[in-house]
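Listed below, chain by chain, are the residues.
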Amino acid sequence: MQSPDLLRLATAGSVDDGKSTLIGRLLHDSRAILDDQLATLERVTRQRGEEGLNLALLTDGLRAEREQGITIDVAHRYFATPRRRFIIADTPGHAQYTRNMVTGASTANVALILVDARQGVVEQTRRHAFIASLLRIPHLFLCVNKMDLVGWSEARFTEIVGDFTAFTTRLELPDVKFIPISALHGDNVATASAHLPWYGGGPLLYNLETLYIASDTNHVDPRLPIQGVIRPNGDAHHDFRGLSGRIAGGVFRIGDEVVALPSGLTSRITRILGPEGELTEAFSTMSVVVTLADDLDVSRGDLLAKPGNRPLVTQDLEAMVCWFADEPLDPSRPLLVRHTTRETKAVVKAVRYRFDINTLHRDPGAPTIRCNDIARLQLRVAQPLLADPYHRNRATGSFLLIEPFTGATLAAGMLV
Amino acid sequence: MSRFQLPHLSLLEHEAIHILREAAAQCERVALLFSGGKDSIVLVRLAQKAFHPARPPFPLLHVDTGHNFPETLAFRDRLAATTGLRLIVRQVAETIAAGRAHEEKGPNPSRNALQTVTLLDAINELRLDACLGGARRDEEKARAKERIFSHRDEFGHWDPRRQRPEPWQLLNGRKAPGEHFRVFPLSNWTELDVWHYIARERLEVPAIYFAHSREVIARRGMLLACSPHVTPLDGETVSTRTVRCRTIGDMTCTGCVESHAASIDDIVREITAARTSERGGRADDQRSDTAMEDRKAAGYF
């Protein structure tokens, strides 16, 4: 039997669109909720004076969330079918939606956005679709939920598809699917629904199981940010000097000529060690150790690429930034940038504009950048970054802005 | 699966190794919290791989409650010897003797909460800035919300409402002096992943994970192993059953499950078909609906 692969999905939706019910349904139908968890859920639901099963309590794990009945933070849930393993990052729909969706969805293969069939596309739907496009999530499923409450109407479904498409033509969303469901009754979630004879696209779970994700990762531009140098003590490995790192793009093979950046010195790969032993080639997202034919001066924060395919080596950055911190951006204060394995000082040179997520308009006159704002910044960094545009490579195109004294993560950035 | 795709277990392995290397690179003094349980055993193997052919650049730290299964302690010492990793042990009994913690009242007291004091004392004493732990998000609903690099303030406390966003694979290990991180390389692993990995790597685990005959006491829906720390109370009887441990914690709070699983493959089959969760047999989680969050906030593992 072939080993199952892994799909990361991020869910987003507005209040009361049935997102928790849908996740509960997926977990339940794939047997990921077990008897004692179900019993606990029933007991706690009853204690709260509610009836039936409050599936939101499965994902609202924190005391404050349960007390207030709202989701504050991203929760991760796991389920599996014979074909695939799934990680759900469940992102809250209302409070702190930008911060939470960026956290939960940044590594997702697919964003699953819910709308209530009665409400159709609302402001939250547009915001979530915009963030999905900003993060370049490769696939987006718009799940039109509560189809039972609109009489399973094909016309209503078509109308919502039209509204969403009209909005998203202005965004970069390479692959969008529309799926009518009723999460509460399980229609078209794990199994096809007799109520939707006009719909031929297959149930949600089938679409998740068969989604083609092999091309989601960059296999074109070889990039290996160096995490550390491995030099064992003892005579057995006397001459061993390995460079460890997780491949952030492309493929590396034994014998490949590589260039170390920022030094620009070149050498050849002599060995590649993976977790399961010696390899002849290694590709994106693999953690490896490589050895080189020459003793180059390479250390943490440097990067290996190919002489004919190099990243940008730059101290001047143009980036879209999601501001996370409670305190607004103060351009006069020093910052740190963490990019791949490199951390260096940074200053804000200019705030180009604030992006209005509701209208998609740029506001160049915005005085301050506050929590959950998205803005375009010009930054200058002390050491050059070895970077690619985010649209080309999520791993070498993303960074954090950090407060130097407290260490707090202030913002997430994507290089333009 | 195409040529450039990894099976999910390999993907989790590559991700965990990346996290271990980031912890070692970003933090000066690191220790791996070793309990002798399956998750920390997997973590040790991943640490060996992450720095191969060198040795992992950190010691093992075990907080010994004095209530451990003897099999766990024997296994711990054997693993330290075979891996050549330095083992640091700190005793809850010494924390109690020093007056920094007090034994719970009543029969069969639990030291589950007390070990937090010993752990935080050890972190201070050793000036650790990162502790590697084997906790997984699928274990428990508060853990489902926790970051991979999870920040602890100067009191060792976790504030779930002020967690740092953790987008992409960017792990932020910066902190103020006196603070530290708990780092969880197995965040995205499930119980079944851990057992599949133990099978793939042919890892040795303590014998109590396999079915064996044992004297147990049925208490609050759990089967507790009979020991000097767990004795029959009024109305309780001791019976001999064929059981195994699904998780390994203190004898006072780790429920055994009835099982005939004699091999790793048997365990994988048993868990695949199981209808109860891993921590369903843990008394420490059942004290209240937010027991884990409350203990974590105070600095627990």
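Refer to the structure printed above.
On a predicted model such as this, the values are computed, not experimentally measured, just so you know. Counting restarts for each chain: residues are numbered from 1 in the order of the written sequence. Chain letters and ligand numbers both follow the written order, the letters beginning at A and the numbers at 1. Two thresholds apply to this predicted model, a pLDDT of at least 70 for residue-level local features and 80 or more for giving and counting side-chain atom pairs, whereas whole-chain, interface and lining totals are computed over all residues. Based on all heavy atoms of the structure, the side-chain values leave hydrogens and waters out of the count.

> Before we move on, could you go through the interface of chain A and chain B and cite the residues and values that matter?
Facing the 87 residues of chain A at the interface are 67 residues of chain B. By convention, the term buried area covers the 1.4 Å-probe accessible surface removed from two parts as they join, with the contributions of both added. Summing both partners gives a buried area of about 6500 Å² for chain A against chain B, and 53% of it is carried by carbon and sulfur. The term salt bridge refers to a side-chain nitrogen of Lys or Arg lying within 4 Å of a carboxyl oxygen of Asp or Glu. At the boundary of chain A with chain B, the tally comes to seven salt bridges. Definition of a polar contact: a pair of N or O atoms within 3.5 Å, with one able to donate and the other able to accept a hydrogen when the atoms are protein atoms, and with sequence-neighbouring residues admitted only if both atoms are side-chain atoms. Inspection of the region where chain A meets chain B yields 23 residue pairs in polar contact (both at pLDDT 80 or more). The contact criterion used throughout is that any non-hydrogen atoms of two residues lie within 4.5 Å.

> How would you explain the sheet that holds strand β6 (residues 180–183) of chain B if you had to name every residue and give the values?
Residues and elements named next belong to chain B. Overall, mixed pairing links the six strands, which are arranged β3-β2-β1-β4-β6-β5 in an open sheet. Two strands in the sheet have a free side with no partner beyond their single neighbour: β3 (87–91) and β5 (149–152). Put simply, the sheet's adjacent strands are angled 30° from each other on average, direction ignored. Across four bridges, β5 lies against β6 in antiparallel orientation. Of the residues in β6, the one forming a bridge with Ser150 is Arg182. Pairing between strands is defined by DSSP: at least two bridges between the two strands are required. Numbering of helices and strands starts at the N terminus; helices are DSSP runs of H or I of at least 4 residues and strands are runs of E of at least 2. With axes taken as lines fitted to C-alpha atoms, and helix axes fitted only over the stretch in contact, angles between N-to-C directions fall between 0 and 180 degrees.

> Hey, could you go over the nonpolar core for me, with residue numbers and the actual values?
The definition of a nonpolar core used throughout is a set of buried Ala, Val, Leu, Ile, Met, Phe, Trp, Tyr and Cys residues joined through side-chain atoms within 4.5 Å. Each residue is placed in one exposure class: buried if its accessible area under a 1.4 Å probe, protein chains only, is under 20% of its type's maximum, exposed if it is over 50%, and partly exposed if it falls in between. Residues Leu112, Phe130, Leu135, Leu142 and Leu208 of chain A are the most contacted members of the largest nonpolar core, which totals 76 residues. Top element by residues in this core is strand β4 (residues 110–116) of chain A. It accounts for six residues. Domain extents, as shown, originate in an automatic or database domain assignment. Counting contributing residues, this core receives three or more from each of domain 1 (5–216) and domain 3 (312–415) of chain A. Setting aside its immediate chain neighbours within four residues, Leu142 of chain A contacts Ile113, Val115, Thr125, Ile160, Phe164, Lys177, Phe178 and Ile179 of chain A. Membership of the second largest hydrophobic core comes to 57 residues, among which are Leu46, Ala50, Leu203 and Ile208 of chain B.

> Go over the packing of aromatic side chains, please, and point to the residues and values.
Pairing of aromatic side chains here covers Phe, Tyr and the six-membered ring of Trp, requires ring centres within 6.5 Å, and sorts the geometry by plane angle: under 30 degrees stacked, over 60 edge-to-face, intermediate tilted. For the structure shown, the criterion picks out 13 aromatic pairs over all chains. Considering the side-chain rings of Phe283 of chain A and Phe4 of chain B, the 5.1 Å spacing of their centres and the 55° angle between planes classify their relative orientation as tilted. A residue pair is termed interchain when its members come from two chains, as with Phe283 of chain A in strand β14 (residues 281–283) and Phe4 of chain B in the segment before α1 (8–26). Ring plane angle 50° and centroid distance 6.4 Å describe the contact between Tyr353 of chain A and Phe355 of chain A, whose orientation is recorded as tilted. Phe355 of chain A shares its class with Tyr353 of chain A; the two are buried. Cation placement over rings: the criterion is NZ of Lys or CZ of Arg within 6 Å of the ring centroid and within 35° of the ring normal. Above the ring of Phe167 of chain A, the side-chain terminus of Arg126 of chain A is found at 6.0 Å from the ring centroid. Here the basic side chain of Lys306 of chain A rests over the ring of Phe252 of chain A, its NZ or CZ set 5.9 Å away from the ring centre.

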